[in-house]
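Descriptive analysis of the structure
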Number of protein chains: 2
Amino acid sequence: MSVTAAQGFTAAGIAAGIKESGGPDLALVVNQGPRSAAAGVFTSNRVKAAPVLWTEQVLKGGELSAVVLNSGGANACTGPQGFQDTHATAEKVAASLNTAGYDETGGHDAGRIAVCSTGLIGVTLPMDKLLPGVDTAVAQLTPHGGEKAAIAIKTTDSVHKTAQVSQDNWTVGGMAKGAGMLAPGLATMLVVLTTDADLPAAELDRALRAATRTTFDRVDSDGCMSTNDTVLLLASGASGTVPDTGDFAEAVRTVCADLARQLIGDAEGASKDIRIEVVGAASEDDAVEVGRSIARNNLLKCALHGEDPNWGRVLSAIGTTSAAFEPDQLNVAINDIWVCKNGSVGEDRDLVDMRYREVRITADLAAGTESAVIWANDLTADYVHENSAYSS
Amino acid sequence: MSVTAAQGFTAAGIAAGIKESGGPDLALVVNQGPRSAAAGVFTSNRVKAAPVLWTEQVLKGGELSAVVLNSGGANACTGPQGFQDTHATAEKVAASLNTAGYDETGGHDAGRIAVCSTGLIGVTLPMDKLLPGVDTAVAQLTPHGGEKAAIAIKTTDSVHKTAQVSQDNWTVGGMAKGAGMLAPGLATMLVVLTTDADLPAAELDRALRAATRTTFDRVDSDGCMSTNDTVLLLASGASGTVPDTGDFAEAVRTVCADLARQLIGDAEGASKDIRIEVVGAASEDDAVEVGRSIARNNLLKCALHGEDPNWGRVLSAIGTTSAAFEPDQLNVAINDIWVCKNGSVGEDRDLVDMRYREVRITADLAAGTESAVIWANDLTADYVHENSAYSS
């Protein structure tokens with residue numbers, strides 16, 4: 001499982017002292033090659049953390065030899081100092097790997113090292129702890145370090161998240177963190193995917209963008225878009241196999257969907273996972289717009305928490321969108337009971353069984369044949385407590 | 001105070017049995033003239049309740065002789081039956097007023113009677129209780145009935161809301177209800193304003209649109225837009241005075257701002273009233289977009305509930321907008337402490353005094369000279385409880 005499921009990768013996860021709790025907070029993933037092609041997608045928030053700005057630049061070369069990730073601080077809204085800290089982290093990783101004899105051809109270089117950070121916005125990182133931590137992590141790199149790396153990137157996550165798909169002799173594996181500030185474009189997530197398939201950066205990029213568009217980009221736990229979201233895909237080529245591009249894209253999509261579902265299942269304070277499927281839309285964009293509007297309706301999220309199939313709040317949310325539909329042709333099912341037909345009262349709402357964690361909403365716009373699925377969570381007192389009791 | 005502060009109006013508020021609680025649930029406001037000019041603004045939700053569809057039609061004539069309002073049921077998403085019920089209510093009011101001798105010239109007519117409903121979406125009204133209730137209300141109409149009318153339109157409101165401005169010998173008064181599903185365009189509100197000024201419908205419309213644009217339209221308690229919002233302004237002309245149009249517009253704006261502030265102060269489960277002022281914007285639209293984005297950020301709303309001046313969540317919200325700004329030029333003050341300067345750490349956040357109910361956020365986009373104020377509430381466990389424990 002995780003980022004070391006594919007051949008050609010080592011990883012480590014250690015406690016550098018960045019988190020006050022003393023828990024694991026620094027992860028390192030190293031691509032040992034023979035190839036180092038890579039691709040990435042990033043938050044669409046215009047306020048981007050220093051590590052996002054850094055890694056976007058680094059990836060323009062289409063290669064990554066390592067990824068260093070820290071929890072315990074987002075290094076966002078930290079000004080020029082924050083960017084210098086990210087740069088210094090990448091330099092330190094390169095130097096430490098070279099000193100330890102991790103020989104990439106020509107040696108590791110900061111310009112091929114991605115940096116990811118997660119935690120509180122607006123606080124600079126304790127570099128006096130982070131930099132020595134890099135040496136510790138390098139010393140602990142192993143081909144079995146994937147689980148420890150996944151644990152070290154947790155913030156308010158209650159469990160660490162990993163996934164893997166293997167086909168013939170190649171593998172796609174990955175790890176993710178994310179529990180709050182989960183919203184599209186992307187969620188507050190850090191994701192590192194690895195593969196031992198032998199593919200160029202352009203192919204990785206194509207597969208990754210296609211996969212995130214219908215997985216991570218359709219997770220909307222709480223409508224809040226992060227400053228730090230990063231999803232990276234590194235290919236070592238260690239399997240010596242060039243897979244069929246369709247097979248590879250499907251494997252990447254499966255791993256992303258698996259991790260995305262795990263993020264929703266572990267969202268802060270949530271008691272329900274809400275699957276919103278919009279059907280009968282005139283376009284996929286319409287379906288996504290309507291799905292997001294439903295996903296972000298606080299009153300509906302509260303009602304579902306209370307196991308109340310309050311379809312009026314679904315219609316109210318649909319009504320705020322610009323999608324093509326006629327109000328008197330809307331149909332809504334909750335857990336397969338069509339409680340709203342033609343914009344009005346449908347089947348008996350008492351028939352809806354709301355006992356289980358997963359709630360399925362189907363909104364039929366009766367305006368076409370396109371569809372989309374958005375995942376969301378309910379709104380709970382625990383969410384409020386978790387996000388009001390301390391800065392995160 | 002309320003809708004009977006101006007001369008020429010009678011009102012009543014009674015318990016018709018629409019609410020299961022047996023509390024007041026039917027209000028009636030009658031314009032006794034000599035004039036009956038009127039204007040209205042309505043929800044921009046595309047899923048509109050039957051009474052909204054009805055009243056929009058009625059108002060095309062620019063005249064209203066009465067407004068009947070019920071709590072205990074929104075009559076939204078109720079199909080053709082819902083519209084027939086609204087129509088029947090207006091017919092009943094006209095007949096009952098005519099029978100009781102409330103002589104408008106030529107008698108009252110359903111085509112000049114506005115209907116407003118509020119409560120649960122997707123349930124038809126108990127017409128067997130509502131229609132007899134109209135007779136009871138007509139029998140209790142008095143020039144001092146404004147308070148009772150304001151009480152009868154409450155849903156989850158903890159207090160009734162009224163306001164008044166008097167100038168020389170003319171008055172603008174009004175009542176409002178709204179506590180949840182409060183969001184722009186408009187909030188879940190029913191508002192009836194009255195005046196004894198002698199002005200034509202076009203002038204009323206101009207003053208009302210200008211007033212709501214910067215008051216009710218900038219209240220965003222919970223990001224949820226209602227199917228039933230209606231704001232009406234009726235003029236009796238009973239003062240015999242034609243006021244200066246600027247004075248009149250300012251009086252209407254003052255009453256609207258007063259009522260809007262009361263709505264925020266009584267929002268479901270709220271413990272903080274949040275005043276968000278966006279300054280330095282390139283356009284007013286930019287300022288409003290940024291203000292709304294901040295107002296709707298659940299993580300920020302939780303943080304403010306916890307009295308945590310978490311400015312990173314403000315920047316994260318600003319970053320999701322399309323407004324003109326540079327991330328490294330953003331400044332944010334919370335209760336006058338500039339905790340973020342140039343997109344990075346500013347004054348010590350520990351200086352921010354968060355003890356009071358009102359929280360003031362100032363976001364400076366450093367991109368121009370336009371500004372806007374949006375009002376919002378915090379997100380609390382009480383909000384979750386109130387909106388998950390029962391259908392509303």
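Values in this document were obtained by computation on a predicted structure and should not be read as measured data. (Residues numbered from 1 in each chain as written. Chains lettered and ligands numbered in written order. Predicted model: local features only at pLDDT ≥ 70, side-chain atom pairs only at ≥ 80, totals over all residues. Heavy atoms only, no water.)

**Some remarks on the interface of chain B and chain A**
Note the following rule: Contacts are assigned to residue pairs with any non-hydrogen atoms lying within 4.5 Å of each other. Values labelled buried area give the accessible surface lost by two parts on being combined, using a 1.4 Å probe and summing over both. Counted as salt bridges are all cases of a side-chain nitrogen of Lys or Arg within 4 Å of a carboxyl oxygen of Asp or Glu. Counted as a polar contact is a pair of N or O atoms within 3.5 Å, where, for protein atoms, one must be capable of donating a hydrogen and the other of accepting one, and residues adjacent in sequence contribute only when both atoms are in side chains. In this text, helices come from DSSP runs of H or I with a minimum length of four residues, and strands from runs of E with a minimum of two, each type numbered from the N-terminal end.
Opposite the 53 residues of chain B that make contact, chain A presents 53 residues. Summing both partners gives a buried area of about 4000 Å² for chain B against chain A, and 57% of it is carried by carbon and sulfur. For the chain B face of the interface with chain A, the top three residues by lost area are R46, N298 and L299 of chain B, together amounting to 16%. Connecting chain B to chain A are zero salt bridges. Applying the counting rule to chain B against chain A returns five residue pairs in polar contact (both at pLDDT 80 or more). At the level of elements, α8 (298–305), α9 (311–318), β14 (344–345) and α10 (381–388) of chain B are the ones that each hand at least two residues to the side of chain B that touches chain A. Of the residues forming the side of chain B that touches chain A, the biggest block, six residues, is contributed by α10 of chain B.

**Overview of unusual backbone geometry**
Peptide bonds are mostly trans, and most non-glycine residues show a negative phi. All names here are of chain A. The amide bond that connects G33 to the next residue, P34, takes the cis arrangement and shows omega of 20 degrees. Look at E307: it is not a glycine, yet its phi comes out positive at around 60 degrees. Its place among the elements puts E307 in the loop between α8 (298–305) and α9 (311–318).

**What about the pattern of salt bridges?**
Residues and elements named next belong to chain A. Defined as follows: Exposed residues in this analysis have more than 50% of their type's maximum accessible area, buried residues have under 20%, and partly exposed residues fall in between, with area computed by a 1.4 Å probe over protein chains only.
Evaluated as defined, the whole model comprises 33 salt bridges over all chains. Two residues, R206 and E203, come together in a salt bridge whose shortest N-O distance is 2.6 Å. Here R206 and its partner E203 are both found in helix α5 (residues 201–213), three residues apart, which amounts to about one turn of the helix. R206 sits in the exposed class, given a relative accessible area of 52%. Look at the salt bridges and you will find they share partners, linking R261, D273, R357 and E358 into a network.

**Observations regarding the confidence of the model for chain A**
All names here are of chain A. Selection rule: pLDDT gives the predictor's per-residue confidence on a scale running from 0 to 100.
In the predicted model, chain A carries a mean pLDDT of 88, and 94% of its residues have values of at least 70. The weakest mean pLDDT in chain A belongs to strand β9 (residues 219–220) at 74; the strongest belongs to helix α3 (residues 127–139) at 97. Within the model, the stretch residues 181–187 combines pLDDT values under 50 with 54 contacts to residues more than four positions away or in other chains.

**Some details on the relation of the copies chain B and chain A**
To be explicit about the condition: Copies overlap after least-squares fitting; the atoms used are the C-alpha atoms of residues with pLDDT of at least 70 in both.
With an RMSD of 0.0 Å, the fit of chain B onto chain A corresponds to turning through 180 degrees and sliding 0.0 Å along the axis. Taken together, the turn and the small shift mark the pair as related by a two-fold rotation axis. Residues of chain B ranked by C-alpha distance from the rotation axis are headed by A381 of chain B, positioned 2.2 Å from it. By residue overlap, the copies meet face to face through one surface: 100% of the interface positions of chain B are interface positions in chain A.

**Considering helix α3 (residues 127–139) of chain B**
Residue and element names in this part refer to chain B. What counts is decided by this rule: Expected span of a helix, by definition, is 1.5 Å for each gap between consecutive residues, and there is one gap fewer than residues.
Taking 1.5 Å of rise per residue, the 13 residues of α3 would be expected to cover 18 Å, and the 19 Å separating its terminal C-alpha atoms lies within 8% of that figure. Among the residues making up α3, those that are buried are M127, L130, G133, V134, A137 and V138. Contacts made by the buried residues of α3 are with β1 (9–14), β2 (26–31), β4 (66–70) and α2 (79–99).

**Focus: the sheet that holds strand β3 (residues 37–42) of chain A**
Residues and elements named next belong to chain A. Heads up, the condition is: A pair of strands counts as paired when DSSP detects no fewer than two bridges linking them. Angular values range over 0 to 180 degrees, each being the angle between N-to-C directions of two axes fitted as lines to C-alpha atoms, with helices fitted over their stretch in contact.
Across the sheet, which stays open at both edges, the five strands sit in the order β3-β10-β8-β7-β6 with mixed pairing between neighbours. The strands lining the two open edges of the sheet, one partner per strand, are β3 and β6 (161–167). Across the sheet, the mean angle separating the axes of adjacent strands is 10 degrees when strand polarity is ignored. Across six bridges, β3 lies against strand β10 (residues 230–235) in antiparallel orientation. Bridging across to β10, A39 finds its partner in L233. Sitting on the sheet, α5 touches β3, β8 (190–195) and β10, and the angle it makes with β3 is about 30 degrees.

**Some details on the packing of helix α7 (residues 284–295) of chain B against α9 of chain B**
Residues and elements named next belong to chain B. Condition: What sets the label is the angle itself: under 35 degrees gives roughly parallel, over 145 gives roughly antiparallel, 65 to 115 gives roughly perpendicular, and the rest give oblique. By definition, turning the near helix anticlockwise from the far helix through less than a right angle yields a left-handed crossing, and turning it clockwise yields a right-handed one. When residue character is reported, Ala, Val, Leu, Ile, Met, Phe, Trp, Tyr, Cys and Pro are called nonpolar, Asp, Glu, Lys and Arg charged, and the others, Gly included, polar.
Between α7 and α9, the shortest axis-to-axis distance is 8 Å and the interhelical angle comes to 130 degrees. Between α7 and α9, the angle is such that the two are oblique. Note on packing geometry: the crossing formed by α7 with α9 is right-handed. The residues of α9 that touch α7, namely those facing V290, S293 and I294, are V314, A317 and I318. Classifying every residue of the contact of α7 with α9 gives five nonpolar, one polar and no charged.

**Quick word on the domain arrangement of chain A**
Residue and element names in this part refer to chain A. Where we set the bar: Domain start and stop positions are those given by an automatic or database domain assignment.
Per the domain assignment, the segments making up chain A are domain 1 (2–265) and domain 2 (273–388). Each of domain 1 and domain 2 was reduced to a C-alpha centroid, and the two centroids are 33 Å apart. Each side of the interface is counted separately: domain 1 has 14 residues, and domain 2 has 17 residues. Both faces considered, domain 1 and domain 2 share a buried interface measuring about 1300 Å² in area, 39% of it formed by carbon and sulfur atoms. With a closest N to O distance of 3.2 Å, R261 and D273 form a salt bridge. Taken together, the links from domain 1 to domain 2 amount to five residue pairs in polar contact (both at pLDDT 80 or more). The biggest single contributor to the side of domain 1 that touches domain 2 is helix α6 (residues 245–265), with three residues. Of the residues belonging to the side of domain 1 that touches domain 2, the class tally is four nonpolar, four polar and six charged.

**Remarks on the pairing of strand β13 (residues 337–341) of chain A**
Residues and elements named next belong to chain A. With two bridges connecting them, strand β12 (residues 331–334) and β13 associate as antiparallel partners. If you follow I334 over to β13, its bridge partner there is I337. Taking the residues between adjacent antiparallel strands as the criterion, β12 and β13 are bridged by two residues, where N335 takes a positive phi near 50 degrees. Note: β13 against strand β14 (residues 344–345), two bridges, orientation antiparallel.

**Considering the environment of A210 of chain B**
All names here are of chain B. In this fold, A210 is placed in helix α5 (residues 201–213). Its relative accessible area of 43% is what places A210 among the partly exposed residues. Distance in space between the C-alpha atoms of A210 and Y102 is 33 Å, their sequence separation being 108 residues.

**Overview of helix α7 (residues 284–295) of chain A**
All names here are of chain A. A rise of 1.5 Å per residue sets the reference length of α7, with its twelve residues, at 16 Å; its end C-alpha atoms lie 16 Å apart and thus fit the reference within 8%. Buried residues of α7: D286, A287, V288, V290, G291, S293, I294 and A295, and no others. Against β9, β11 (273–281), α8, α9, β15 (358–364) and β16 (370–377) lie the buried residues of α7.

**Regarding the sheet that holds β1 of chain B**
All names here are of chain B. Within the open sheet, the four strands sit side by side as β1-β2-β4-β5. Their pairing is mixed. Every interior strand has two partners, whereas the edge strands, β1 and β5 (113–117), have only one. Each strand axis lies, on average, 10 degrees off the axis of its neighbour in the sheet, ignoring direction. On the sheet, α3 packs against β1, β2 and β4 and is oriented at approximately 50 degrees with respect to β2.

**Some words on the state of the cysteines**
Selection rule: Whenever a pair of cysteine sulfur atoms sits within 2.5 Å, that pair is classed as a disulfide.
Under the counting rule described, the total for this entry stands at zero disulfides over all chains. Free cysteine C77 of chain B: the closest other cysteine sulfur is in C340 of chain A, separated by 6.2 Å. Assessed through its relative accessible area of 7%, C77 of chain B is described here as buried. You can see C116 of chain B has no disulfide; the closest cysteine sulfur is in C256 of chain B, sitting 14 Å from it. The class for C116 of chain B is buried, based on a relative accessible area of 2%.

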